[in-house]
Every structure is written in structure tokens, then in C-alpha cells.
Amino acid sequence: MKTLLKGAQVFANKGKGQFVKKDLLIDGDKLSVSSPDEQNSCLYDGLFDFRDKFIIPGFVDVHVHLREPGFFYKETIKTGTLAGAHGGYTTVCPMPNVKPAPSDFANLKVQLDIIDRDAIIKVIPYGTITREGDGRSELADMKGTAPYVIGFSDDGRGVQTGELMEEAMKLAKSLDKPIVAHCEDESLLEGGYIHRGQYCSLHGHKGISSESEWVQVARDVELAAKTGCKYHVCHISTKETVDIIRQAKKSGVDVSCETGPHYLILTDMDIKEEGRFKMNPPLRSMEDREALIEGIKDGTIDMIATDHAPHFKEEKTKGLEKSAFGIVGLETAFALLNTHLVNKGIIKIEDLITLMSVNPRKRFGLDGPLSMTEDENLCDITVLDLGREWTVNSENFMTKGRATPFDGWTLIGKPVATFVDGRLKFLEL
Ligand code: DOR
């Protein structure tokens, strides 16, 4: 099966990414640059006219929640991966806060079978660090899950003691897998549910301190240095965290991190008294947002992940205090970042592609292309229309989740086609 993609600007990752105009050929699951000769002599099964479009390595989201097994009423592998395809993602990595928790092979197999049956795009799950995925119980059977997982995480919960984290890092290192940490010291939470800052005190809410995040990051980078473990920090949100990771990288610690689109675009002063503004970590202050943007620009922050965290409607309509933590993100991430970082001149489009595709693929050693001009790449690609204006309407989402602070926002730029292993998974021309 051969398909010609004609006329697009394609992402060529020579040192720093850049776009060049080339025709591409999909042959089975492989992608290559198509020469003019070839085009005359070949018979194609399909041809797409992608003039005015941009073709890039498919996005990778290393931090999503797909909720199966256990919580299908919030999301399924099918609806979550459909949302991923619509958002331009070709690979997503679901966090292990599902039921049963993938803490050994038998439990993980339940999830792997659903993935085999229902996934629309590539899905590579996490195994838990601890038996219960609660950051406190004994270590999980990491050896049993290691061959099938991208890494180990107790996302949703921080690992509460240095001793347990050190043990986990030593084991992860011996298995050649990363520890991917949700950093949150529960002794510092004090019942908070939004950032302990200006909005919180103006409106009489209970706050989550910045310290609850960065003290664990500070502890863990030392443990990563000591054990030599590959360490990745989830959804960083505070200026202190950016500084700690910047310094750790300078001193050679094997650390990387992600932040989410919402932390780069919103602050606590954008909060409204609705559950769709509640996630963990919370929207922070303007100084935190500025530090995150600086971290994106100087390479301290390696990648952007959505923390796509769908919940059932009733769980998100109980106001700030009572709603569940989490917002959806797969279907809006690219357009938000294109509109609010690229089009405002904060970063270049090539940098955004690097943050959403190239860097996560490299750091986690995932299959798929880093550039469109290398030969015989696996054909996991996304086609972007950078000029398309559209308005977010959560009622039209593929995900079952509806909670997003960006409902009603008008954005510019949209994924319009997604191919996984050469097969078309989404098209909206
Ligand atoms: O907002 C969040 N929701 N943060 C987390 O860490 C977990 C996630 C969830 O599972 O809903």
C-alpha cells in the first residue's frame, strides 16, 4: 500500500528543527522522501494534497490518564486514544492509577489486553512504583512489569519517604527504566486544593503550597545523583522546581521534566469557582508561569505533556473544593501552545514540535520518527494546519471528559490528520 503526501512543508531535524518543502511517500508502515522520478513511475493507492500544511513527527504524550481498567465511566482506552488521534498524538503513555493497579504482570496484562483490543494509536503504559500505587506501600513487582512499560510512576501520589524512593531508584536503574515522579509531600498539603497564593486568599480557599512540590524534587535529584537512576519529574509547576532541575542538570544528574500547557498559559488569577479550573498541581502564580516559560526557552524543561485527566461530569461540577483534580488536554494542547506561545513570539514552531514530539521520543527511547527526512522511518506522523481558526467546544470532544478551563477559547492551528504506522487514524481537511 503506497500513499503519496504532496506539497507540504515537512519537519527536518538537522541539529535544530526546520521545515523544508518535500513530497513524502508512505510505503506500508515506512515513510521516506519521494523523488520526482519515483512519482512518475509509481502507482499509488492514495494521494493527499497537503499544500499549505505542515507534516511533523507525531506528538508523544508521556503523561495521560486513560482510566481503564477500573474507571471506564471516566474514559476508556478507545475514547482516550481517539482523543489523542484528534489532537495529533501518535503515542500516549497512560499513568497507572487504574484498578487493578499495574503493580505486577498479571494486573498489567488486564490493561495490555484492552490496549491490544481497543487502542487507536500507540499506547505504552507505566507500571507502579509501589504495590498500591500510593507512594507508601512496599515496592511493586517492577521486575515483572519492566519489559512492557515505559517506566515506573505512582502518579497522583508522591513517594513519601526518601528511603522508599532510593530503593525504587536502585531497582529501576538495574532494570534500565526511568522513575517518573509526581512530586508532592503530603505532610505539607493541609487540605489545600488550589495554589496558596493571591486568588486563594482573596476568596477564602485552602491553598497548596509550592513547597509541597519542590521539596520532593530537591530530595529526588539528590537520590538520582546517588543511585544513577534515570529520573523524570511530572507536571512541574513552580519556579523553585525549575531552578532545582536547572542546577541538577548542570551538575550532570540524569534528570528531565515536563510541564503542562495550562501552567504555561494560565495563572491562579484566571481561576473561576468551577471544577474545570482544578487540577493537581494547581495553577500557580504569574512568577511561576514566567519561570516555566524561561525553563522552556533555556532547555531546563524538556517536554510538554498534557496530564489529560478525564473525570465523570458529576465529579467535576462540585466547585473548587469538592470537585476531583484533573482536566482534559489531548484535543487542545497543540492549538493552545501554538496560539499562546508560538504566535506570540515566545518560542518558534520548530521548538514546539521538539517539545511535543522529538524530545519525549528521545528521552524515553520510543519508536517513531524524529524527522521527516530520514530514510525508512516508522510512519507516525501528524499533519498540521497552522492557519486554521477554531473555537474549543468540549461537547465535541472525543474524550469522555468535558472539564477544561479553555472551553469557548478561539485558537489558531489544528492537527488535521494523524497516521500511525502508515495508517490514517484521523482526517479533518
Ligand atoms: O489533576 C490531576 N489528576 N493530577 C494528578 O496528579 C492525577 C490526576 C488524575 O488521575 O485525575
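Structure: above.
Residues numbered from 1 in each chain as written. Predicted model: local features only at pLDDT ≥ 70, side-chain atom pairs only at ≥ 80, totals over all residues. Heavy atoms only, no water.

(A) Just the overall build of the protein, in detail. Assigned secondary structure in the protein consists of 13 helices and 20 strands. For 429 residues, the compact-globule estimate of 2.2 N^0.38 gives 22 Å, and the C-alpha radius of gyration of the protein, at 21 Å, lies within 12% of that figure. Dimensions along the principal axes, computed over C-alpha positions, put the protein at roughly 70 × 45 × 45 Å. Scored against the burial criterion, the 429 residues of the protein give a buried share of 63%. Put simply, of all contacts in the protein between residues at least 6 apart along the chain, 73% involve residues at least 24 apart. Surface accessibility of the protein: about 16,400 Å² in total, with carbon and sulfur atoms responsible for 49%. (Helix = DSSP H or I, 4+ residues; strand = E, 2+ residues; numbered from the N terminus. Rg over C-alpha atoms; globule rule 2.2 N^0.38 Å. Buried < 20%, exposed > 50% of the residue type's maximum accessible area, 1.4 Å probe, protein only. Contact = heavy atoms within 4.5 Å. Areas by Shrake-Rupley, 256 points an atom, 1.4 Å probe, with all protein chains shown as cover.)

(B) Region of the structure containing the sheet that holds strand β1 (residues 2–6). Strand order in this open sheet of five strands is β6-β1-β4-β5-β17, and the pairing throughout is mixed. Unpaired on one side and paired on the other, β6 (46–49) and β17 (377–378) mark the two borders of the sheet. Sheet topology places β1 next to β6; four bridges connect them, and they run parallel. Looking across to β6, one finds that T3 is bridged to G46. (Pairing = 2+ DSSP bridges.)

(C) Expanded view of the nonpolar core. Counting 111 residues, the largest nonpolar core has I55, I179, Y231 and F419 as its most contacted members. Sort the elements by how many residues they give to this core and helix α12 (residues 333–342) lands first, with seven residues. Excluding residues that lie within four positions of it along the chain, I179 makes contacts with I129, M142, F152, M165, A168, M169, A172, C229, K230, Y231 and H232. Ranked by size, the runner-up nonpolar core spans 12 residues in total, among them M95, V180, C234 and A305. (Core = buried A, V, L, I, M, F, W, Y, C linked by side-chain atoms within 4.5 Å.)

(D) Main features of the site of the ligand. The local shell around the ligand holds 14 residues, among which R67, N97, H182, N280 and H311 are the closest. Take N280: an N or O atom from its main chain is 2.8 Å from a nitrogen atom of the ligand. Contact between the ligand and H311: an oxygen atom at 3.0 Å from a side-chain N or O atom of the residue. Considered on its own, the ligand offers 280 Å² of accessible surface; in the complex 93% of this is hidden by protein. At a threshold of 2 Å from the grid points, most atoms of the ligand map onto the largest pocket. Broken down by class, the residue content of the shell around the ligand amounts to three nonpolar, eight polar and three charged. (Near = heavy atom within 4 Å. Polar contact = N/O pair within 3.5 Å; in protein donor to acceptor, adjacent residues only side chain to side chain. 1 Å grid on protein atoms, 1.4 Å probe; cavity = no way out; pocket = protein on both sides within 12 Å on 5 of 7 lines; lining within 4 Å. Sits in = over half its atoms within 2 Å of the grid points. Nonpolar A, V, L, I, M, F, W, Y, C, P; charged D, E, K, R; others polar.)

(E) Region of the structure containing the packing of aromatic side chains. As enumerated under the stated definition, the model contains 11 aromatic pairs in all. Ring geometry for F48 and F419: centres 5.8 Å apart, planes at 85°, overall edge-to-face. With a gap of 371 residues between them, F48 in strand β6 and F419 in strand β19 (residues 410–420) connect regions that are remote in the sequence. Residue F419 is classed as buried on the basis of its relative accessible area of 2%. Look at F72 and Y73: their rings are 6.1 Å apart centre to centre, the planes differ by 85°, and that puts the pair in the edge-to-face class. Relative accessible area serves as the criterion here: at 32%, Y73 is assigned to the partly exposed category. (Phe/Tyr/Trp six-rings, centres within 6.5 Å; stacked < 30°, edge-to-face > 60°.)

(F) Focus on helix α10 (residues 286–297). In this model α10 runs 17 Å from its N-terminal to its C-terminal C-alpha over 12 residues, within 8% of the 16 Å that 1.5 Å per residue would give. For α10, the side-chain oxygen to backbone nitrogen distance between the N-cap and E287 is 3.4 Å, and the N-cap itself is S285. At the exit of α10 stands G299, carrying a positive phi of roughly 85°. (Expected span 1.5 Å × (residues − 1).)

(G) Examining the pairing of strand β18 (residues 381–391) more closely. With four bridges connecting them, strand β7 (residues 54–57) and β18 associate as antiparallel partners. The residue of β18 that forms the bridge with I56 is T382.

(H) Main features of the packing of α12 against helix α13 (residues 349–363). Interhelical geometry of α12 versus α13 gives an angle of 145° and a closest axis separation of 10 Å. Of the two elements, α12 crosses α13, and the hand of that crossing is right-handed. Of α13, the residues touching α12 (which contributes A333, F334, L337, N338 and V342) are I349, L352 and M356. Considered class by class, the residues forming the contact of α12 with α13 number seven nonpolar, one polar and no charged. (Axes fitted to C-alpha atoms, helices over the stretch in contact; angles between N-to-C directions. Left-handed = near helix turned anticlockwise from the far one by under 90°.)

(I) Representation of a nonpolar patch on the surface in the model. Residues F72, Y73 and F312 make up a contiguous nonpolar surface patch of roughly 300 Å² in combined accessible area. Along the chain, the position of Y73 falls in the loop between β8 (59–64) and α2 (77–86). (Patch = residues over 30% accessible without salt bridge, like charges linked within 9 Å, V, L, I, M, F, W, Y side chains within 5 Å. Salt bridge = Lys/Arg side-chain N within 4 Å of Asp/Glu carboxyl O.)

(J) How the structure looks around the layout of surface pockets. Roughly 480 Å³ of volume is contained in the largest pocket. Here the lining of the largest pocket is composed, by residue class, of seven nonpolar, 10 polar and six charged. Volume-wise, the second largest pocket comes out at about 300 Å³. Lining the second largest pocket are 18 residues, with K16, D351, T354, L355 and N359 sitting closest to its centre. Broken down by secondary-structure element, the contributors of at least two residues to the lining of the second largest pocket are β3 (16–21), α10 and α13. (Points joined across faces, edges and corners; volume = space filled by probe spheres on them.)

(K) Structural detail: the state of the cysteines. Summed over the entire model, instances satisfying the criterion amount to zero disulfides. Counting only cysteine sulfurs, C234 is the nearest neighbor of C183, a cysteine outside any disulfide, at a range of 7.5 Å. (Disulfide = S-S within 2.5 Å.)

(L) Region of interest: the packing of helix α8 (residues 239–250) against α10. With their axes 8 Å apart at the nearest point, α8 and α10 run at an angle of 30° to one another. The angle between the axes of α8 and α10 places the two elements in the roughly parallel class. Only E287, D288, A291, L292, E294 and G295 of α10 make contact with α8, whose side of the interface consists of K239, E240, V242 and R246. Partitioning the contact of α8 with α10 into residue classes produces three nonpolar, one polar and six charged. (Parallel < 35°, antiparallel > 145°, perpendicular 65-115°, else oblique.)

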